[in-house]
Amino acid sequence: MSARVIVVGLDAAEATLVEQWAAEGRLPTMARLIREGRACSLANSLGTLPGAIWPEITTGISGGRMALYYHPRQLHTGEARMRPVRVNEVDPEYFFWTLASRAGRRVAVVDPVQAVPAPAFNGIQLFEWGLHDRTFDIESDPPGLLDEVRARHGDHPIHSCDRHGRQRSGYEHLLDGLLTGVARKTDVLLDLLQRDAWDLFVATYGETHCAGHQFWHFLDPRHPWHEPTAPVRLHNAMASVYQAVDKGLGQLIDAAGPDAVLLVVASHGMGPATGGPQLLPEVLVRLGLGSSSHTGDSWLRRLKAKASRAPTPMVPVLRALAGIGFVKRLQAQSGALLDPLESPLTRAVALRNNRCGAIRLNRTGREPFGRVNAGDEANALMTELRQELLALEDPASRQPIVTEVITATDAFGAGHHPDVPDLMVSFRTDLGTLEVCCSPRVGRVEVPLYHPSLPRSGEHTPNSRLWAFGRGVTAGQPLPDANVLDIAPTVLSLLDVHVARRLDGSPIAIVPPAS
């Protein structure tokens, strides 16, 4: 069988490495796509809401409108505690593959990122079988498809990329699992591709994401964790995973047949983890905007920092001291809470936002225990915060560490979703690891970036790419630069599917119109 349009996501694959290794002959399939197809860079949300990248790709709707930007622990308007995004808060009717299905197209979708199944689907859906982000549940539609895949191919060997420790043996085991996972994923895709004459076939390789986070320091001699004496296969780990994916892409192209159009999307990239956002909670406390200026949150962060640097036998003890029950009691007495928006003393709180910082004001009428009035008071506080954040310096170089502080209104307009953070903070990536900052008002703040429960040496870059190849795609003609928001309308345009609702992206002219 075949597919009319194939969309393959390379989750967090660094495009510059893909292009470099393709030019060196290490990725022959990608070299062919670059040589015989068309490509373009894609603008994205990595400077505002990095975690919105996949929802933006799969829906064509801005993260400023959908506000799905940190699925593991996100704040929702009207609630004081951050919590995971729930299944019922993701509407599958917005995904481009669902829209294609509703238009009568025959569709297969395998491992889309941060997505949920659509009911009454015209095709097959397999979710979270093998992804870096296991956000919801491993499931399929029809339900028996998952059992069949497991019977034929087994489970993906890596369930969590972060549970390997820092020993070389753990990295070796992780690499083996990723390579096995890529091969097994390719077998699953070939199996499903051959089952029908698909109009649209969508799949994601998540192994590139995991490899970048975990193996960057083996690749990059500038990284503080770099081990020159590590085994060669660990130094080549990222390239090995990319090569395995490249081989899988070649097999998919062969299986799809000459009439298919292939879109390969590198969602966002990967580079050295340099940090910065982890400093913000303590900075806000020092500015007097948290629920306590001395204890509680500040004390907890210092204790966790000690735990991250402690000798191994001491880690369980320090972690126990930092346990939620003990800290809750301490914070209740000091006026600080694990979830600071539960306190009317809080004026602003730092939110998780991947490679960018994010700050939410504790606004009256919006938060349950609001402290800051909308209008002039909120605007004045945001102006103050921008000034103080831009004043933060790296003590070693005396260089500022923040490049931009942008408001939600500036980034997304006055009609943005109310769940979007009020301020988003971009940090420099050219000063090395940002674990210490200082300013006249906050003094010296030190918060480590690396800790045992999240042993990641790589972090995302804003390098997104689209490579197009196949029927009707003219070789050697670069595509104009576009946006990740343009992927969904482009796919629908290739399938001749009209979308009634407003999308924030526009179709890219992959194939010249018929004369």
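Predicted model only: the values in this text are computed from it and were never measured. (Residues numbered from 1 in each chain as written. Predicted model: local features only at pLDDT ≥ 70, side-chain atom pairs only at ≥ 80, totals over all residues. Heavy atoms only, no water.)

Visitor: Quick rundown of the state of the cysteines? Include the residues and the values.
Guide: Under the counting rule described, the total for this entry stands at one disulfide. Bridging C161 to C210, the disulfide has an S-S length of 2.2 Å. Between C161 and C210, the disulfide has an S-S torsion of -140 degrees and is therefore left-handed. Taken together, the positions of C161 in the loop between α6 (144-153) and α7 (168-193) and C210 in helix α8 (residues 207-219) put the pair 49 residues apart, joining distant regions of the chain. Note on accessibility: C161 and C210 belong to one class, buried. For the unlinked cysteine C438, the closest cysteine sulfur is that of C437, found at 7.0 Å. (Disulfide = S-S within 2.5 Å. Helix = DSSP H or I, 4+ residues; strand = E, 2+ residues; numbered from the N terminus. Buried < 20%, exposed > 50% of the residue type's maximum accessible area, 1.4 Å probe, protein only.)

Visitor: Please set out the environment of H235 residue by residue, giving values where relevant.
Guide: Following the sequence through the fold, H235 ends up in helix α9 (residues 232-235). One polar contact links the side chain of H235 to the main-chain carbonyl oxygen of E227, over a distance of 2.7 Å. (Polar contact = N/O pair within 3.5 Å; in protein donor to acceptor, adjacent residues only side chain to side chain.)

Visitor: Explain the pairing of strand β3 (residues 107-110) to me, and be specific about the residues and the numbers.
Guide: Residues V107 and V109 of β3 are buried on one face, and the alternating residues A108 and V110, pointing to the opposite face, are buried as well. In terms of strand pairing, β3 meets strand β4 (residues 123-127) through four bridges, oriented parallel. By the bridge assignment, V107 is partnered in β4 with G123. Here β3 pairs with strand β6 (residues 198-205) via four bridges, running parallel. Along β6, the bridge assignment pairs V107 with L200. (Pairing = 2+ DSSP bridges.)

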